[in-house]
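Read off the chains here:
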Amino acid sequence: MKQKTFIFDLDGVIVDTAKYHFLAWQNLATQLGIHFTNEDNEQLKGVSRVRSLEIILGLGNQTASDEKKEKWLVQKNEEYLAYIEKMDESEILPDVKRVLQFLKDNNQKIVLGSASKNAKVILDKVHLTSYFDALVDGNAVSKAKPDPEVFLVGAKLTASTPENCIVFEDAFAGIQAANAANMLSIGIGDKAVLHEANYCFNDFTAISNEFLKELIEK
Ligand code: BG6
Ligand code: MG
């Protein structure tokens, strides 16, 4: 059997942390007198922490000094981490573990490719760290998705060519990053949003072991 590198985004692919990001951002927005809805939160998916704050400030037509922004970023992250602290294996999204196990059993490389600087903490909380051959997170890259950097670093760490990598992503910017990296992109979520993906599934329950086998042998 061939060996491929399967790169997983974290937030929205392995766990649904968007709800915790939302709660923490909403608190900050309220404090700043900015109306921030669940719909607005969609814009923050896959986007870096700093850029997320800029988007929220933009919603309220506000600007702020770098000092203030830094303070708010720390405040938001502390609140977010308080939610993460309570996470356990029950928060792993359906069939993620089955897919990871199948790939492991078939000797495939598994990599995390996430914009989050909290990725390691979250993987540890849900006890999935041992599945991964390499972790590439927001601390390891300087350019955010849709830039392909995060995925290209992941390929390099597993000594794989981009053509032999398969990316699972829930964000439009993430699909763009995978395509820009010349990797096979698989959207997890809404086809209407992820229309640039090579394949799209609602979640991992729709991804069979037979399909994974085909991807490996492609
Ligand atoms: C991405 C999320 O995975 O990580 C974004 O989709 C988030 O919503 C980004 O802003 C950065 O995360 P963190 O944990 O470093 O604040
Ligand atoms: Mg995501």
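Residues numbered from 1 in each chain as written. Chains lettered and ligands numbered in written order. Predicted model: local features only at pLDDT ≥ 70, side-chain atom pairs only at ≥ 80, totals over all residues. Heavy atoms only, no water.

What am I meant to see in the overall build of the protein here?
A count of helices and strands for the protein gives nine helices and six strands. At 17 Å, the protein has a C-alpha radius of gyration in line with the 17 Å of a compact globule built from 218 residues. The principal-axis extents of the C-alpha atoms in the protein amount to approximately 55 × 35 × 30 Å. Here the protein holds 218 residues, and the buried ones make up 49% of them. Of the contacts made within the protein by residues no fewer than 6 positions apart, 62% connect residues no fewer than 24 positions apart. When the accessible surface of the protein is split by element, carbon and sulfur atoms take 49% of a total near 10,400 Å². Each charge class in the protein can be summarised by its mean position, and for the 24 positive and 32 negative side chains these summaries are 3 Å apart. (Helix = DSSP H or I, 4+ residues; strand = E, 2+ residues; numbered from the N terminus. Rg over C-alpha atoms; globule rule 2.2 N^0.38 Å. Buried < 20%, exposed > 50% of the residue type's maximum accessible area, 1.4 Å probe, protein only. Contact = heavy atoms within 4.5 Å. Areas by Shrake-Rupley, 256 points an atom, 1.4 Å probe, with all protein chains shown as cover. Lys, Arg positive; Asp, Glu negative; His and termini not counted. Charge placed at Lys NZ, Arg CZ, Asp CG, Glu CD.)

It is not clear to me how the site of ligand 1 should be interpreted in this structure. Could you clarify?
The environment of ligand 1 is formed by 15 residues, the closest being Asp11, Val47, Ser116, Lys117 and Asn118. One of the backbone nitrogen or oxygen atoms of valine 47 is found 2.7 Å away from an oxygen atom of ligand 1. Separating an oxygen atom of ligand 1 from a side-chain N or O atom of asparagine 118 is a distance of 2.7 Å. The cavity where ligand 1 resides is the largest pocket. Its residues placed into classes, the shell around ligand 1 shows four nonpolar, seven polar and four charged. When we break the shell around ligand 1 down by domain, the ones giving at least three residues each are domain 1 (5-15 + 89-217) and domain 2 (18-84). (Near = heavy atom within 4 Å. Polar contact = N/O pair within 3.5 Å; in protein donor to acceptor, adjacent residues only side chain to side chain. 1 Å grid on protein atoms, 1.4 Å probe; cavity = no way out; pocket = protein on both sides within 12 Å on 5 of 7 lines; lining within 4 Å. Sits in = over half its atoms within 2 Å of the grid points. Nonpolar A, V, L, I, M, F, W, Y, C, P; charged D, E, K, R; others polar. Domains from an automatic or database assignment.)

In this structure, what is going on with the sheet that holds strand β5 (residues 184-188)? I would like to understand it.
Where strands meet in a sheet, backbone hydrogen bonds hold them as pairs that are either parallel or antiparallel. An order of β3-β2-β1-β4-β5-β6 is seen for the six strands of this open sheet, with the pairing classed as parallel. Each end of this open sheet is capped by a strand with a single partner; those strands are β3 (134-136) and β6 (199-201). Going from strand to strand, the sheet's axes swing by 20° on average, the running direction of each strand aside. Where strand β1 (residues 5-8) lies against strand β2 (residues 109-113), four bridges are found, and the strand directions are parallel. The residue bridging phenylalanine 8 from the neighbouring strand is leucine 112, located in β2. Set on the sheet, helix α8 (residues 172-180) makes contact with β4 (165-169) and β5; between it and β5 the angle comes to about 170°. (Pairing = 2+ DSSP bridges. Axes fitted to C-alpha atoms, helices over the stretch in contact; angles between N-to-C directions.)

Is there a simple way to think about unusual backbone geometry in this case?
Most peptide bonds are trans, and most residues other than glycine sit at a negative phi. Between lysine 145 and proline 146 the backbone carries a cis peptide bond, its omega angle lying at 15°. Along the chain, the position of proline 146 falls in the loop between β3 and α7 (149-157). Here the phi dihedral of asparagine 107 falls at roughly 65°; this positive angle occurs in a residue that is not glycine. Located in the positive-phi region is histidine 127, a residue other than glycine, with phi close to 55°. By the element assignment, histidine 127 lies in the loop between α6 (119-125) and β3. Exposure remark for histidine 127: the relative accessible area of 52% places this residue in the exposed category.

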